[in-house]
Structure formats: C-alpha cells, structure tokens
Amino acid sequence: MVETMENTTLEDRLRALIESSAALSSDLDLDVLLQRLIEIATRMTGARYAALGVLNEARSGLALFYTHGLDRDRALKEIGHLPAGHGLLGALIADPRPLRLDDLQQDPRSSGFPAGHPPMTNFLGVPVLVRGRVYGNLYLTEKAGGFTADDEELVSLLAGQAGIAIELSQRVARDSLRRVLQGQELERRRLARELHDETGQALTSILLGLKEVESSPDAAAVRAATQRLRELVVETLQDVRALAVELRPRALDDFGLTAALERLAEIFSQKSGLTVDVVAALGPARLPEEVETTLYRIAQEALTNVVKHSGAASASLVLRRRRDRVFLLVEDDGGGIQGEPRADAIGLVGMRERTALLGGQLRLESSANGTTVSVEVPVPPLAEGLS
Ligand SMILES: Nc1ncnc2c1ncn2[C@@H]1O[C@H](COP(=O)(O)OP(=O)(O)OP(=O)(O)O)[C@@H](O)[C@H]1O
Ligand SMILES: [Mg+2]
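Residues numbered from 1 in each chain as written. Chains lettered and ligands numbered in written order. Predicted model: local features only at pLDDT ≥ 70, side-chain atom pairs only at ≥ 80, totals over all residues. Heavy atoms only, no water.

S.K.: Where do I start with the site of ligand 1 in this structure?
M.R.: Taken together, the neighbourhood of ligand 1 is formed by 16 residues, with Asn305, His309, Asp332, Ile346 and Leu348 sitting nearest. Leu348 has a polar backbone atom sitting 2.8 Å from an oxygen atom of ligand 1. Here ligand 1, which alone exposes 590 Å², has 87% of that area covered by the protein. The set of elements that each furnish at least two residues to the shell around ligand 1 consists of helix H9 (289–310) and helix H10 (347–357). Considering every element that reaches the shell around ligand 1, the biggest residue donor is H9, with six residues. For the shell around ligand 1, the residue count by class is six nonpolar, six polar and four charged. (Near = heavy atom within 4 Å. Polar contact = N/O pair within 3.5 Å; in protein donor to acceptor, adjacent residues only side chain to side chain. Areas by Shrake-Rupley, 256 points an atom, 1.4 Å probe, with all protein chains shown as cover. Helix = DSSP H or I, 4+ residues; strand = E, 2+ residues; numbered from the N terminus. Nonpolar A, V, L, I, M, F, W, Y, C, P; charged D, E, K, R; others polar.)

As structure tokens, this is what we get:
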C-alpha cells in the first residue's frame, strides 16, 4: 500500500466528524443525509468518486445507491442499471471488513466494469455496519497516490454514522406501518362486532318471525307479523348500508373526496344531531387516490372524536387546494381536549401516521372554545392556470 503525502490530518478528520455529526443530528431526509456523508468522505480523503449502497430488506441486492463525483444520471443511462452488489461490493457484504486495493481490477473478486462505467483503479471500501448487522457499504475510488490507513479509519467512522441513520429510518418506517396495521385491525374488530351483534341479531329475529308466520293459521296475524318483519328488514338494510359506507364509501371512488365528505357529514348529522358544514374548494381535478382516502379517514376519525369527546353543537370541514398542497380542517365548537389521552387511544396517532406517510403535516389546536385538526398534504402540482 502506498502511503502518500496527502494524508488527512487529525484536524481534517475531526472536522469531517463534526460536519457529519451535525448532519446526523439535523432533521434531514435519509437521502440528503447519506448524500452529504459521502460528499464529506470524498472531500476529506481526496478521492474522486464515492458511492454508498444500501441493501434491500431481503439482502439480495441494493435498494438505494448514492454516488458522488460522477454524473449519476448519465452513468446510469450509459450503464443501464445500478450495481447489483456482486463482485467486490458483494464481497464486502459477505465479509464485512474494510478493503483497500491499489488496483481493484486485479482483485480476483472483482467482476469487472460494465460498459459505460468510468475507469477506476484504487479502492477503499468499508461495510456499513450496526451492531454486527450489515446495511450496505461505502466505498471510494481514485485517490491520487492511493488510500491510507487514516482514510480507512475516517471512512469507517462515517460509514458507522450512515448505518445508524439507515437503521433508525428503517425502524421508524416499521413502527409506523405496524401502528397503521394495528389501527386497521381494531377497526375490523369493531366492524365484525357490529356485524355480529347488530346485523346478526336482526337477521335472527327475522328468521324467528318468519317461522311464526309459517305456522300461523290466522290471516290477520300473518299480515301483522309480515308488516313487523318488513320494518325490521328495512332497518337492517339501512344498518348494512351504513356499515358498507363506513368500510369504503362508494362516493369516494365514484364522485371524489368532496362528495364523499358531504355524505359523511350528512351521516354524522343524522346519527348524532351534530350540525356539520362542508366547505370545499378543490377544483375539478381529482386528487391522487391515496390522498383522497387519507383525508377521508382523517375527517371520519376527527368527526367521531367530535361526537365522542367534544360536546360540540356544530363542526365544519374545510377543504382547500393550492397548486401543490391540499388542506383539510376539521373544527368544532366543543369544550376542547381535556387531560391526557388513554394510553391505548389510537385515533390521533393514526391520523398523524397517515399524514406522515404522505409526507404531510398535522396540527392540533384546542382550547375551551373548541378543537381544530388541520392537515396539509403535498400533491402533484396542478398545471399552471388551473391553480
Ligand atoms: N374534538 C375533540 N374534542 C375534545 N377532545 C378531543 C377531541 N378529539 C380528541 N379529543 C381527546 O383526545 C383524546 C385522544 O383522541 P383519540 O382519537 O386519539 O383517542 P380516542 O378517541 O379516545 O380513542 P380511539 O380514537 O382510539 O377510539 C380523546 O380521548 C379525547 O380526550
Ligand atoms: Mg378517537
């Protein structure tokens, strides 16, 4: 290994670590953060190229790939695909120890460069490891004079920080998914109970009533019983329809969010006596399906909360669209949130999770005069002139 004049000084390395720690502790997107870490690695070692690959969950290949020092889009176009994680990169995953080479093409584990790949000679690769688990690798190439032991130490530290960031982000994503699934499960349980208790019982009474009719010799009694049974069927039908709307309102698929929310407001008014105004200014264009579903579910839970907890006489739903954002406001004139929520309360948590999954934000304001839930979600921009 050729040691060079271009050794990073201790001060350089300290500065690199301070920079990377600052990046880690700021609220950056994982993409931006990893990109910044490899940029620091490139600058501090004096390498020409750097890349960071993150393994997919199945560990069969790379899920994410970041580069620095080359025009990624152009290289991708010329090569036609991201590295599959074979060859040297695969070797770094199978045997996660730092690897320093003067000429990577000479290494027997190298699988060579695909056509269109820029030529590269010297190489420093380190695994991205957290508590012994490999998340990917970080590697640099083309340093004048070759990579040094100091470079290796510095890059390993940066790779460790990348690992922590990746692990954290995967854990947050998993937790959030788990909570959404838990919420769905609770909802299904409630609907199952309602189907069993309400609808099941109603159908059982109808069955018993029909039996009575069957064996009744008296025409007047048969007529009276039929009349009663017909009312019961009408009621049950209404219940089943309401349940179907709760599961997935047809209006949402057929007519869009505004129509679905107007229908929802009507149902709430009928059921609970709450006055619900809907003010919608979304324009003619439909929103992406997941945005419509999310905003609908949030409105549904927020109105349920109004009825359950607020004591409000009226509530309003306001929907607005700007060029690339949608806003939903659910306001009530009730008594506001009092005390801490139950430990197993999932409504507000679910609303936040759903919003976060779309990259949006939820704000909750509450006073003795009422509560407001406001949600802002990014959407693909409308064409100019329509906004
Ligand atoms: N509009 C509101 N007015 C007054 N209090 C509210 C309102 N919305 C929520 N709260 C309070 O916030 C708490 C948390 O709400 P959240 O929806 O998370 O749970 P929950 O409604 O109690 O239970 P779950 O939604 O899981 O069935 C409620 O228990 C209630 O005390
Ligand atoms: Mg609730």
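S.K.: What exactly am I supposed to notice about the coordination of the magnesium ion (ligand 2) here?
M.R.: Under ideal tetrahedral coordination, the four donors around a metal are separated by 109.5 degrees; under ideal octahedral coordination, the six donors are separated by 90 or 180 degrees. For the magnesium ion (ligand 2), the full set of protein donor atoms is Glu301 (OE) and Asn305 (OD1), and the range of their distances to it is 2.1 Å. Here Asn305 and Glu301 lie together in helix H9, a separation of four residues that amounts to about one turn. Residue Asn305 is classed as buried on the basis of its relative accessible area of 16%. (Donors = N, O, S within 2.8 Å, 3.2 Å for Na, K, Ca; no water. Buried < 20%, exposed > 50% of the residue type's maximum accessible area, 1.4 Å probe, protein only.)

S.K.: Explain the sheet that holds strand E2 (residues 62–68) here, please?
M.R.: Two pairing modes exist for strands in a sheet, parallel and antiparallel, and in both the strands are linked by backbone hydrogen bonds. Read across the open sheet, the five strands follow the order E2-E1-E5-E4-E3; overall the sheet is antiparallel. The sheet is open, and its two edges are formed by E2 and strand E3 (99–101), each paired on a single side. Going across the sheet, the axis of each strand differs from the next one's by a mean of 15°, ignoring polarity. Contacts between helix H5 (residues 149–215) and the sheet are confined to strand E1 (47–55), E3, strand E4 (123–130) and strand E5 (133–143), with E4 contributing the most and set at about 35° to the helix. (Pairing = 2+ DSSP bridges. Axes fitted to C-alpha atoms, helices over the stretch in contact; angles between N-to-C directions. Contact = heavy atoms within 4.5 Å.)

S.K.: Looking at this model, I keep getting lost on the nonpolar core. Mind explaining?
M.R.: If you look at soluble globular proteins, the nonpolar side chains tend to sit buried side by side. Residues Leu257, Leu261, Leu295 and Leu328 are the most contacted members of the largest nonpolar core, which totals 36 residues. The leading source of residues in this core is H9, at eight residues. (Core = buried A, V, L, I, M, F, W, Y, C linked by side-chain atoms within 4.5 Å.)

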